Every structure is written in C-alpha cells, then in structure tokens.
Amino acid sequence: MPIRSNIMNNREGEVRHRGHTQSSTPRNRSRSISPDIRTSRDNVRVFRFWKWEILNFALAVGLLSAIYGILERYDNQRVPDWGSAINLSTLTAIIATLFRMCLFFVVAEIIGQAKWAYFISDGLTRNDGPVRRLIETSHFDMASRGLIGSIKLLPNIVRDTSTLLAVLVMAVSLGTGPFVQQAIRTYACQFPLDGVHSSLNILRTINSTNSSAWNIISSPKFHTALIYSLFQDNDAENAAPMTADCPTGNCTFLNHINNTYSSVAVCSSCVDTTSLISSADWTLREWTPGIAPEGPTLHTYAMRNQTLPNGMVISIPLNASIVSGKLSVDSAQVDLDWASSLLTPEMMALSVWSLCNTTIFTSTGHRGTDSFPEFIAVTCILYSCLRSYRGSVINGVLHESLVSTVPLVPNLNHAFPPNFTNEDIHNMSYQDLRLKISTPPESIQTHFQAVQSPCMIDNTVYTIANMSSAVDSQRLLLLHADPIGTPDFTIENVTAPQDCIYNMDRAILTDLSLVMQYLFLSGNCSVSPSGSGKSFFCDNNQFWLAAFYNDNSTTINSTIKQVETFTDRLSNKLRMGVISAPSEVLGQVLHTTVCTTVDYRWLLFPTLLITIVGGLLLWSLLKSWRCRGRELLWKSSILPFLLYGDRFVVQNGEDVSVYSPDSPFMEEEKPLDLDQMESEAKQRKVRFRGFNH
C-alpha cells in the first residue's frame with residue numbers, strides 16, 4: 001500500500017520499528033548494496049562515529065578558555081584600543097557565538113541519537129521497537145534545532161534524564177552570549193600618561209651657602225612663614241598644605257622605593273605635664289593714690305598661683321566674678337629634667353638636639369569644683385627630622401600622609417680632625433661631645449644628618465648593607481643621644497651615598513633655635529571679655545600665640561594638635577624654599593580612561609553548560625562502547641528513514657518506506673552504520689515521483 005494510503009487509512013495509527021528478526025521476502029534485487037560497503041559493515045569502531053562531536057567539544061573547551069584568558073588579561077585594565085572595527089565586547093561575543101555553535105553541534109547529535117533509542121528499542125537491533133507516533137520524529141528533529149522543538153519534545157522524554165538534559169541545554173544555550181557580555185563591566189579609571197611627569201618639592205639639605213644663617217632666619221620672609229604656619233586658619237591651610245606640578249590634576253608619587261619620598265622637616269613630640277601643676281594661695285596688697293586728706297588707700301586681693309616645676313607661674317584672683325583667660329608659653333629652657341618622670345627615654349634623647357623645648361601653660365575656660373579656672377600644661381619637643389611621605393594629587397589637590405620620621409643628629413665626621421679615631425671619640429665624655437659639637441672650630445661645618453634607607457639611585461636600591469658600594473659614598477659618624485644626665489651615647493658608623501643623605505647646617509639649626517626660643521614661642525597672654533566678644537592681649541604684641549588658646553575648647557589634645565599642625569605647616573614652608581632652594585621628586589601623571597572589570601559569576605553559566613555537555617558526551621561514548629556492535633549509531637542523519645523505511649510499519653503491518661516493497665536491505669542481517677549509509681547514498685541517484693503518476 002502506498003505511504004499516502006497508509007497514513008490516510010491510519011490517521012490515529014502509530015508507527016513502530018520492525019526488528020531484523022522479522023522475515024521478509026525480497027521483492028526487487030536490482031538495487032543491491034555495493035561490494036565495498038558490504039565488506040566494511042562489520043568493522044565496529046565506536047569512537048570513530050563520535051569523532052566530530054569530540055572535536056567540537058574540545059574546540060568549545062578551548063573557546064571558553066579563550067574567553068576566560070582574554071577577560072583575565074584585561075580585568076581592571078584599560079579597554080584595549082583595537083580600532084573601530086572591533087572591541088573587547090565584540091571579540092568576546094564572537095567567541096561566545098562560536099562556543100555555542102560547538103555545543104549546539106554536540107547536543108544536536110546527542111538528541112539525534114536519542115531519537116533512535118526512542119524508536120528502536122533503546123537503539124538496539126535485537127528487538128522490535130515500541131509503537132510511537134510518527135510526528136515524534138519531527139519533534140526530535142526540531143528539538144535538535146532550537147527552543148520551540150525542545151519544548152514540544154519535553155513531554156516525551158521526561159523520564160529520560162540524559163535526553164532531558166540535552167534538550168534543556170539546547171533550549172537555554174541561547175543565553176550564552178548575553179551572559180558572557182554581562183560579565184564585562186566598565187568604569188572610569190586612571191592610568192599613567194607616558195612621557196609626562198609630575199613634580200613635588202622636597203628638601204634634601206638646608207644650608208646657608210649664599211647668605212649668613214642669621215640673615216636668613218631673621219628675615220621678614222621667614223618670620224612671616226612662622227606666623228602663617230601657627231596662626232593661619234586651620235581649614236584654609238589644611239585644604240591645600242602643598243602644591244604639586246600635575247598637568248592633569250591627578251598624579252601619584254608612589255613609584256619610589258617603598259612608595260615613599262622624604263624631605264628635611266621639623267617634627268614634634270608632646271607630653272601632658274598637667275599633673276606637675278601645683279597651686280598656692282597668697283595675698284596681693286596694692287596701694288592706690290588718694291586725695292588729701294585721706295591719702296593712699298591699701299587694697300588686698302586673695303590670689304592663687306598655678307606653678308610648674310620649671311618656674312612658670314600664672315596668678316589668678318580668687319574672688320573675681322569674671323576671670324580672664326591666661327596663657328604662658330616658654331621655650332627658653334633647654335633642660336627638661338623637671339619633667340623627666342613623664343617623658344619617655346626617646347623624648348629625653350630628642351630634647352638634646354632639639355630646636356626648642358616648649359611648654360604651653362594655659363587655662364581651659366572651664367571652672368573646677370571650687371569654681372576656680374582649670375589649667376593644663378603640655379610640653380613639646382620640636383626637632384629637625386627626616387619625614388617620609390606617601391602622596392597623590394586627586395582633582396588638583398595634593399593629599400599627603402606621613403609614614404615615618406627620623407631625627408637629624410650630628411655627624412661627628414665633620415666635627416673632628418681626620419686623625420681623630422673612633423676610640424678617641426668614645427673616650428670623650430658626653431658633655432665634652434656636646435660642647436665640641438656646639439662650638440666647633442670656625443673651619444668646621446657640623447651637619448645634622450639622617451640617612452634614608454632604603455633609597456633608590458639610578459634605579460638601584462641601596463640599604464645599609466650595600467650603601468658602601470656606591471661610587472660617591474662617604475662615612476658618617478652619627479651621634480645618637482641618650483637621656484640627659486647619663487654619660488652614655490651611641491655612635492652609628494655608616495657609609496652612604498650622597499643622594500641618600502639629608503642634612504641641616506648647624507648654623508641654620510642654631511639660629512632657627514634662637515628665633516623660636518626667644519622671639520616666637522615665648523610670651524604671656526590674657527583673654528578678657530570685650531563687649532559681645534573677647535580681647536586677646538599678649539606681651540610684645542605676640543598675637544600669634546593666641547593659636548594655642550581655644551576659648552572653652554582648650555584641651556590637652558587640641559593643644560598637641562595645634563603644635564603638630566604648626567610643625568606640619570612649617571615643614572611645608574621649608575619645602576617651598578623659604579630658606580633653601582628645594583629639590584624635586586618626580587611622579588606619574590594619571591589620565592582618566594575607561595577600564596574593564598570582570599564579574600566572573602556570569603561565566604558560571606557557560607561553564608555549567610560545557611560541564612553538562614561534557615558529561616552527556618561521555619555518557620554517550622560509554623553507552624556506545626558498552627553496546628558496540630548492537631547499537632544503531634545513526635544520530636541526526638535522515639538516511640535511515642530513506643534506506644530503512646521498510647522497517648517502520650504502521651499498525652496494519654505495512655511499511656512506510658519509499659522503497660517498499662522493493663528494499664534491498666530487507667535481507668541484511670545487520671544494518672549499515674552511518675558511514676556506510678553515507679557511502680551508499682553517494683552512489684545512489686533518486687528522483688522524486690510526482691503525485692500525478
């Protein structure tokens with residue numbers, strides 16, 4: 001019966017595959033199988049039939065690895081400039097498309113092979129297959145092509161886990177490209193601009209080469225710098241403590257050793273000495289002139305003295321309804337023995353070579369339990385030092401953070417004749433050394449120095465261990481003082497290149513110490529009510545000392561902070577060249593560009609897909625190996641429907657093959673494999689017979 005008649009007479013009929021055990025009489029022997037095809041039919045090579053699927057899967061693994069590699073290469077990097085033809089997103093999209101095509105091919109063949117297992121008794125040739133609807137062959141074919149077919153096939157394979165996974169992979173693999181694209185994010189970033197440098201002032205040395213030290217230190221320019229450093233409004237000065245030459249407004253100076261740079265500066269170390277304040281009451285008697293005949297009048301006042309062991313005294317009347325604020329600053333005293341119980345040994349050592357040892361003694365604006373004003377005292381050591389910074393310019397503003405400080409100490413190598421040995425120096429007493437350094441011969445310039453270690457010169461990193469190997473190395477005998485009152489001291493013998501040595505001339509240090517001790521940081525002030533505000537009066541019009549008095553906000557911390565701010569600003573003024581010409585440290589100029597960042601979570605999707613497909617392919621290979629010689633490895637080919645159409649019969653027993661009843665394959669004991677069918681198909685020429693015949 002013709003195929004059209006079979007279908008018309010069996011609209012509700014189902015199709016099953018007739019096994020090779022069914023007998024049949026050949027009806028037409030004219031179309032026989034080629035001899036070479038017959039000879040090779042028994043050669044069973046399982047993996048040969050899956051070679052293209054294995055190759056495509058390996059290619060998919062390589063493509064996914066390429067996606068990972070490319071994104072890893074440009075993660076947190078500038079977006080590559082490959083011209084207008086292609087960019088990073090386009091490249092990954094192309095690779096993702098090729099990746100999906102490879103997976104698509106593998107999964108399509110797995111679904112195609114599942115079709116024969118569905119129709120032909122689990123794909124084996126020994127039994128007749130189950131009865132299936134003919135339309136289901138179309139569902140399998142459509143499922144291997146896209147989403148709609150996959151959805152139609154789902155009801156038929158819900159119990160076949162491997163085929164179900166393959167169909168689901170086919171359906172959701174459409175999301176591979178969007179998921180890969182979603183993994184790529186962009187953001188504004190900064191990268192160095194090649195061939196351009198930024199610069200920032202530092203001080204390697206402070207000397208008086210072109211003028212006498214006193215002329216420099218006593219100049220109005222330097223005094224203005226001192227006053228500005230102490231009295232300038234905090235917010236205005238801290239907003240831009242230094243300026244840097246930065247063409248783009250964004251620069252970094254983190255390309256140096258340890259990402260730091262150093263400069264000669266002024267440092268401070270403070271301690272709370274309030275506990276040393278003592279008080280004593282006394283009576284003040286004053287005579288005021290009178291008019292005859294009464295004559296002069298005697299007035300008495302109850303007073304209280306607030307006293308520090310260094311001799312600083314502030315007197316306050318006990319019974320006054322309004323008490324003026326009091327401030328006393330003293331930097332003239334060198335020794336700090338009176339506060340030795342509160343100072344650490346390190347601070348005592350710093351005080352030996354300090355610029356000044358300043359004590360700030362002030363009322364706080366608050367009253368104690370006895371309604372008497374509260375007083376605090378802070379003692380600070382101001383000393384020359386080597387500061388190390390980390391800095392960067394952001395939106396045109398320089399931001400610096402202090403990393404470390406090292407005090408400058410005398411280099412004895414310049415203070416003694418060449419024939420003076422280390423043993424001679426060690427045999428001298430501590431006081432003799434101080435005297436020797438304080439009053440050297442006129443021909444000797446004693447430097448206060450520190451060595452930066454590690455430091456970089458011409459891209460070579462030097463430390464204490466290898467500094468002596470530098471070409472311009474020189475010996476330093478650095479005298480480190482121990483606490484006052486002990487005869488011990490430490491001499492550090494070090495050899496270092498000139499570019500690693502930072503120094504301040506003794507003459508500059510001595511004159512700077514005199515100015516700060518007697519002219520700038522010594523004086524007495526009082527604050528009195530004046531109308532709606534207050535009036536500040538200082539001896540010798542030293543108005544800048546008012547910076548240490550913060551009305552009712554005066555505390556230990558605020559006073560120490562004010563001293564630290566003063567030394568920070570003064571150090572910046574020194575770097576600007578107020579005494580000596582500064583040097584420069586070079587940095588990198590940054591320009592804003594677009595960078596990529598990768599969210600690898602989005603790549604889990606294609607990774608999961610290829611893992612599932614790899615498992616399905618491995619399962620198919622194992623199944624084919626286990627059933628080798630008995631499984632029909634026809635996959636997605638349509639040739640079996642043409643060459644073995646007689647094996648598909650409807651319920652009345654008639655076949656549906658276009659070759660029926662003349663199929664030459666009815667007599668064969670084993671079916672042709674896919675390669676054999678393709679070879680046979682290449683040798684056959686067919687013609688579609690029109691419906692009018």
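Residues numbered from 1 in each chain as written. Predicted model: local features only at pLDDT ≥ 70, side-chain atom pairs only at ≥ 80, totals over all residues. Heavy atoms only, no water.

## Observations regarding the overall build of the chain
- For the chain, the helix and strand inventory stands at 19 helices and 25 strands.
- Classification of the 693 residues of the chain by burial places 46% in the buried group.
- Looking at the chain alone, contacts between residues at least 24 apart form 76% of all its contacts between residues at least 6 apart.
- If you sum the accessible surface of the chain, you get close to 34,700 Å²; carbon and sulfur atoms cover 54% of it. (Helix = DSSP H or I, 4+ residues; strand = E, 2+ residues; numbered from the N terminus. Buried < 20%, exposed > 50% of the residue type's maximum accessible area, 1.4 Å probe, protein only. Contact = heavy atoms within 4.5 Å. Areas by Shrake-Rupley, 256 points an atom, 1.4 Å probe, with all protein chains shown as cover.)

## Side note on the packing of helix H3 (residues 51–73) against helix H4 (residues 88–119)
- Packing of H3 against H4 leaves a shortest axis separation of 9 Å and a crossing angle of 155 degrees. The orientation of H3 relative to H4 falls into the category roughly antiparallel. Remark: the crossing between H3 and H4 carries left-handed chirality. Taking contact as the criterion, the partners of Trp52, Glu53, Asn56, Phe57, Leu59, Ala60, Leu63, Leu64, Ile67, Ile70 and Leu71 in H3 are, on H4, Leu88, Leu91, Thr92, Ile95, Ala96, Leu98, Phe99, Cys102, Leu103, Phe105, Val106 and Glu109.
- Its residues placed into classes, the contact of H3 with H4 shows 19 nonpolar, two polar and two charged. (Axes fitted to C-alpha atoms, helices over the stretch in contact; angles between N-to-C directions. Parallel < 35°, antiparallel > 145°, perpendicular 65-115°, else oblique. Left-handed = near helix turned anticlockwise from the far one by under 90°. Nonpolar A, V, L, I, M, F, W, Y, C, P; charged D, E, K, R; others polar.)

## Considering the side chain of glutamate 109
- One can find glutamate 109 in helix H4.
- Classification of glutamate 109 by relative accessible area gives buried; the value is 11%.
- When neighbours within four sequence positions are excluded, glutamate 109 is seen to be in contact with Glu53, Lys635 and Ser636.

## Topic: the pairing of strand S11 (residues 325–330)
- Among the six residues of S11, five are classified as buried, and the element is accordingly described as predominantly covered.
- Direction of pairing for S11 relative to strand S12 (residues 356–367): antiparallel, over a ladder of four bridges. Along S12, the bridge assignment pairs leucine 327 with threonine 362. (Pairing = 2+ DSSP bridges.)

## Comments concerning the nonpolar core
- By size, the foremost hydrophobic cluster in this structure holds 72 residues, and its most contacted members are Phe222, Leu521, Phe548, Phe566 and Ile579.
- Residues within four places of phenylalanine 548 in sequence aside, it is in contact with Leu230, Leu327, Val329, Ile360, Leu521, Thr554, Thr559, Gln562 and Val563.
- Judged by nonpolar contacts, the second largest core, of 44 residues, contains Ile95, Ile110, Ala143 and Leu617. (Core = buried A, V, L, I, M, F, W, Y, C linked by side-chain atoms within 4.5 Å.)

## Re the sheet that holds strand S16 (residues 447–451)
- Here we have four strands laid out as an open sheet, ordered S5-S21-S16-S15, and mixed in their pairing. The two strands at the open ends of the sheet, each matched to only one other strand, are strand S5 (205–206) and strand S15 (409–410).
- Of the strand pairs in this sheet, S16 and strand S21 (residues 501–505) are connected by five bridges, and their pairing is antiparallel. By the bridge assignment for S21, valine 451 is matched with isoleucine 501.

## Description of the environment of valine 585
- Locating valine 585 in the fold gives a position in strand S24 (residues 583–598).
- The exposure class assigned to valine 585 is buried, which follows from its relative accessible area of 7%.
- The spatial distance from the C-alpha of valine 585 to the C-alpha of serine 263 is 9.8 Å, given a sequence separation of 322 residues.

## Considerations on a nonpolar patch on the surface
- Taken together, the side chains of Trp214, Leu514, Tyr518 and Leu519 define a hydrophobic patch exposed on the protein surface, amounting to about 400 Å² of accessible area.
- Looking at which element gives the most residues to the nonpolar patch, the answer is helix H15 (residues 506–520), with three residues.
- Take leucine 514: it is sitting in helix H15. (Patch = residues over 30% accessible without salt bridge, like charges linked within 9 Å, V, L, I, M, F, W, Y side chains within 5 Å. Salt bridge = Lys/Arg side-chain N within 4 Å of Asp/Glu carboxyl O.)

## Here we look at the state of the cysteines
- For the structure on display, the rule yields six disulfides.
- Here cysteine 246 is linked by a disulfide to cysteine 251, with a sulfur-sulfur distance of 1.9 Å. Between cysteine 246 and cysteine 251, the S-S torsion sits near 100 degrees, and that sign places the bridge as right-handed.
- There is a disulfide in this structure between cysteine 455 and cysteine 500, and the S-S distance comes to 1.7 Å. Its torsion about the S-S bond being 40 degrees, the disulfide of cysteine 455 and cysteine 500 is classed as right-handed. Here cysteine 500 lies in the loop between strand S20 (489–497) and S21 and cysteine 455 lies in strand S17 (residues 455–457), a separation of 45 residues in the sequence. The exposure classification of cysteine 455 matches that of cysteine 500, with both residues buried.
- The connectivity of the disulfide-linked cysteines in the chain, indexed sequentially, is 1-12, 2-3, 4-7, 5-6, 8-9, 10-11.
- There is no disulfide at cysteine 356, and the cysteine sulfur nearest it, in cysteine 380, is 9.2 Å away. (Disulfide = S-S within 2.5 Å.)

## Side note on the pattern of salt bridges
- With the rule as written, the count across this model stands at five salt bridges.
- Salt-bridge contacts for aspartate 281 lead to arginine 304; the nearest nitrogen and oxygen are separated by 2.7 Å. With aspartate 281 in strand S8 (residues 278–288) and arginine 304 in strand S9 (residues 297–307), this residue pair connects regions lying 23 residues apart in the sequence.
- The partly exposed category is assigned to aspartate 281, whose relative accessible area is 49%.
- Glutamate 400 is the salt-bridge partner of arginine 575, the closest N and O atoms lying 2.9 Å from each other. In this pair, arginine 575 sits in helix H16 (residues 556–575) while glutamate 400 sits in strand S14 (residues 397–407), placing the two residues 175 residues apart along the sequence.
- Under the relative-accessibility criterion, glutamate 400 is labelled partly exposed at 25%.
- Sharing partners across several salt bridges, the network here consists of Arg185, Asp599 and Arg601.

## A look at helix H17 (residues 604–626)
- Its 23 residues place the ends of H17 33 Å apart at the C-alpha level, agreeing with the 33 Å of an ideal helix rising 1.5 Å per residue.
- Among the residues of H17, those classed as buried are Phe605, Pro606, Leu609, Ile610, Val613, Gly614, Leu616, Leu617, Ser620, Leu621, Lys623 and Ser624.
- Contacts made by the buried residues of H17 are with H3, H4, helix H7 (161–172) and helix H8 (176–182). (Expected span 1.5 Å × (residues − 1).)

## Concerning the packing of aromatic side chains
- All chains considered together, the criterion is met by 11 aromatic pairs.
- Counting every residue linked through ring pairs, the aromatic cluster contains Phe520, Phe543, Trp544 and Phe566.
- Above the plane of the ring of tyrosine 389 lies arginine 575, whose end atom (NZ or CZ) is 4.8 Å from the centre. (Phe/Tyr/Trp six-rings, centres within 6.5 Å; stacked < 30°, edge-to-face > 60°. Lys NZ or Arg CZ within 6 Å of the ring centre and 35° of its normal.)

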